[in-house]
2 protein chains.
Amino acid sequence: MNLQQLRPVRETVRCGFNLTEVARRLHTSQPGISRQIRELETELGVPIFARAGKRLLGLTEPGRKVLPLVERMLENAVNLKRCGDEFALQGHGTLTISTTHTQARYLLPRVVRDFRQAHDGVVLHIHQGAPQHVAQMLRSGDADIGIATDILTSYEDLVTLPCYRWSYCAVVPHGHALADGQPLTLERLAAFPLISYDAAYTGRTHIDEAFRQQGLVPNFIILAMNADVIKTYVELDMGVGIVASMAMEGRSAGDLVAVDASHLFEGNVTHIAVRRSAFLRAYEFDFITQFAPQLTRDVIEQAMHSAEPAA
Amino acid sequence: MNLQQLRPVRETVRCGFNLTEVARRLHTSQPGISRQIRELETELGVPIFARAGKRLLGLTEPGRKVLPLVERMLENAVNLKRCGDEFALQGHGTLTISTTHTQARYLLPRVVRDFRQAHDGVVLHIHQGAPQHVAQMLRSGDADIGIATDILTSYEDLVTLPCYRWSYCAVVPHGHALADGQPLTLERLAAFPLISYDAAYTGRTHIDEAFRQQGLVPNFIILAMNADVIKTYVELDMGVGIVASMAMEGRSAGDLVAVDASHLFEGNVTHIAVRRSAFLRAYEFDFITQFAPQLTRDVIEQAMHSAEPAA
DNA sequence: TATCCTTACGGAATTCGTAAGCATG
DNA sequence: CATGCTTACGAATTCCGTAAGGATA
């Protein structure tokens, strides 16, 4: 058996069973891929892929059983390499974070600054995307650490740790009727055209839920993907923005005013996640602890090695 | 990286860092071993073994970190192969049980008979040894399933499941003073020369403990490794035997009489164990369930995938 | 001096890419 | 006929065992 034979198998599934594309992705020839797959199949004694004539259709029953083991194997190989690198490169390395806009824009800068100071040999990649994209990057091994709200909790192969709780605030232009110092209510909010996050993002469900429970129908006129866009439209006086409160920290001095709305909507919890079976390098532990101080190395390791809280 | 490079590393540790012996054990040449180790070290970029000149002394610090990953990798390779075999051989295969004498002699026969009936293509190996030997065979991958009392509980890489509780009985020749129908007491027992298990076996600690707590000093004249030996000496009228009660089931009709002692000594629990990261074939689940009906496939899988009950 | 690891070298086996073949939508 | 997988073949590489070398107890 050979690790060379495993990569094509994993990639074939990811590429929708098109060997030509697998070859392209793995930078090798298509017959090579074809052969390695068949070699593994002969060695294991079972067909992994279902074929119609010369075309691959999907996984066979043994294939479905074998695939997770193949993936585990490949992940172990990466872990082994990483473990070596940690000592070999002594603090140098790469760290890929996948996260949503809100985190990347408002929470990470401080953490990243401190992290760079402590680990100036580590090259940091920060990917930004929708929460489910974050999860996918983590699971495929394209990212080491994922930071997002909610969504990450549902995957068994990820370990998801709560970091902190946050809530929303309304954003209005200076002198707006809602900035009169009176406490905000859902009724008052619903009277204005609203601008907030698109449904796929940042716990929008909690916003909708709050209005629904009060029997109110909010008038969302723009659904944006991040707070910067929302604020831009608010500045154009197109409506009242509802954004994560950290997007307005230290911003009330500008043209916009933040009005606390934490009592109106259920709070969201930002989570940080890693692959359960990943080998974390020392600086990865450091990063996580810097992002959420209560998540010390011990806490993280314990969470990774313990089971799901009721699967 | 290559699986060929990993095996020598694991074996080197097991052989006490003697490459010549590693080569012998892996049926290859010594320079080959030497090279593969160095190749892996170069690829990882760190030395795995500490060397004094040309001699290997032990693991380096990176080596200690790398070793468990190497072992996991090799185990995964075995799992993958097994997974294939399960489909390819359709019910054929091998099952290696490592267990203590008491289990092998008195409990397993019934289970093995039923198992063979259900899986006549599976070749069954039954190894017998001391409890710690059982654990060792399991951990090294030389056995698939281990059955023993107590000891197995302490390893993190093993999943240990309780099967049933048992206790002791005294064994005396027909017409012996202790076979008078009166309930047995520790005092009465201590008055006779005793024959029981060697300290390394089958929960001897509970026997010693019971006497100690009553301030009695039992007079053990023979410490044997299994009940058959003990019974032989009892038949020669050399003393009173104390054996696991299942060793006397359906035996009171012979020359020997069993006298219940379950109220005198704390009960022992027989455990069944597998490697936590093993891939269990269908017939392995079957075997376990046949040995302990409450251990269904679901129960076993849940235990394997969940964490230790407080590490 | 015996043990034990490394280096050197050459033959064997494996690997891999190109080119051609063939089935299918 | 375009796409997609397999087969065929030859070059390049890798692998591996034998033999010699050198260090250490």
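Reading the values: the criteria
- Along every chain, residues carry numbers that run from 1 in the direction the sequence is written.
- As a convention, the first chain written is A and the first ligand written is 1, with the rest following in written order.
- Under the rules for a predicted model, residues below a pLDDT of 70 receive no local features and side-chain atom pairs below 80 are neither given nor counted, while totals for whole chains, interfaces and linings still include all residues.
- Hydrogens and waters are ignored; side-chain quantities use all the structure's heavy atoms.
- Residue contacts are counted whenever heavy atoms from the two residues lie within 4.5 Å of one another.
- Take the accessible area each of two parts loses on contact, using a 1.4 Å probe, and add the two losses: that sum is the buried area.
- We define a salt bridge as a contact between a side-chain nitrogen of Lys or Arg and a carboxyl oxygen of Asp or Glu at a distance within 4 Å.
- In protein, a polar contact requires one atom able to donate a hydrogen and another able to accept it; more generally it is a pair of N or O atoms within 3.5 Å, and residues adjacent in sequence count only if both atoms are side-chain atoms.
- Secondary structure elements follow DSSP: runs of H or I no shorter than four residues count as helices, runs of E no shorter than two count as strands, and numbering proceeds from the N terminus.
- As a working rule, the residues Ala, Val, Leu, Ile, Met, Phe, Trp, Tyr, Cys and Pro are called nonpolar, Asp, Glu, Lys and Arg charged, and the rest polar, with Gly in that last group.
- Note on terminology: near, applied to a residue and a molecule or strand, indicates that one of the residue's heavy atoms is within 4 Å of it.
- To get an axis, fit a line to the C-alpha atoms, keeping to the stretch in contact for a helix; angles then go from 0 to 180 degrees between the N-to-C directions.
- When an angle is under 35 degrees it counts as roughly parallel; over 145 it counts as roughly antiparallel; between 65 and 115 it counts as roughly perpendicular; any other value is oblique.
- Think of it in three bands: with a 1.4 Å probe and only protein chains considered, a residue is buried below 20% of the maximum accessible area for its type, exposed above 50%, and partly exposed in between.

Draft legend 1. Expanded view of the interface of chain A and chain B. Opposite the 31 residues of chain A that make contact, chain B presents 31 residues. Here chain A and chain B share an interface that buries about 2,800 Å² over both sides, 74% of which is from carbon and sulfur atoms. The interface formed by chain A and chain B contains zero salt bridges. Between chain A and chain B we count two residue pairs in polar contact (both at pLDDT 80 or more) in total. Counting only elements with at least two residues in the side of chain A that touches chain B, the list comes to α1 (3–14), α3 (30–44), α4 (61–88) and α11 (297–305) of chain A. Sort the elements by how many residues they give to the side of chain A that touches chain B and α4 of chain A lands first, with 18 residues. Grouping the constituent residues of the side of chain A that touches chain B by class yields 17 nonpolar, seven polar and seven charged.

Draft legend 2. Local environment of the protein's contact with DNA strand D. As a matter of local geometry, DNA strand D sits amid 20 residues, with T20, Q30, S34 and K54 of chain A together with T28 of chain B nearest to it. Atoms of DNA strand D within 4 Å of the protein: sugar and phosphate make up 57%, bases the balance. Within the contact set of DNA strand D, a sugar or linking oxygen lies 2.9 Å away from a backbone nitrogen or oxygen of K54 of chain A. Interatomic distance of 3.0 Å between a side-chain N/O atom of R35 of chain B and a base oxygen of DNA strand D. Counting residues per element, the surface near DNA strand D draws most heavily on α3 of chain A, which supplies four residues. Residue classes in the surface near DNA strand D are distributed as four nonpolar, nine polar and seven charged.

Draft legend 3. Just the protein's contact with DNA strand C, in detail. Looking at DNA strand C, there are 21 residues lining it, with T28 of chain A together with T20, Q30, S34 and K54 of chain B nearest. Here the atoms of DNA strand C within 4 Å of the protein split so that 56% fall in sugar or phosphate, with bases taking the remainder. Q4 of chain A is positioned such that a nitrogen or oxygen atom in its side chain is 3.2 Å from a phosphate oxygen of DNA strand C. F17 of chain B is positioned with one of its backbone polar atoms (N or O) 3.3 Å from a phosphate oxygen of DNA strand C.

Draft legend 4. How the structure looks around the packing of helix α5 (residues 101–118) of chain A against helix α9 (residues 227–235) of chain A. Residues and elements named next belong to chain A. At a closest axis distance of 9 Å, the pairing of α5 and α9 adopts a crossing angle of 85 degrees. The angle between α5 and α9 falls in the class roughly perpendicular. On the side of α5, the interface is formed by H101, R105 and Y106, while α9 contributes A227, D228 and K231. Per-class residue counts for the contact of α5 with α9 are two nonpolar, one polar and three charged.

Draft legend 5. Structural detail: the pattern of salt bridges. Residue and element names in this part refer to chain A. Enumeration over the complete set of coordinates arrives at 30 salt bridges over all chains. For the salt bridge of R51 with E41, the shortest nitrogen-to-oxygen distance reads 3.0 Å. Of this pair, R51 sits in strand β1 (residues 49–52) while E41 sits in helix α3, placing them ten residues apart in sequence. Of the residues examined, R51 reaches a relative accessible area of 36% and is grouped as partly exposed. Three or more residues are tied together by salt bridges with common partners; here these are E11, E21, R24 and R25.

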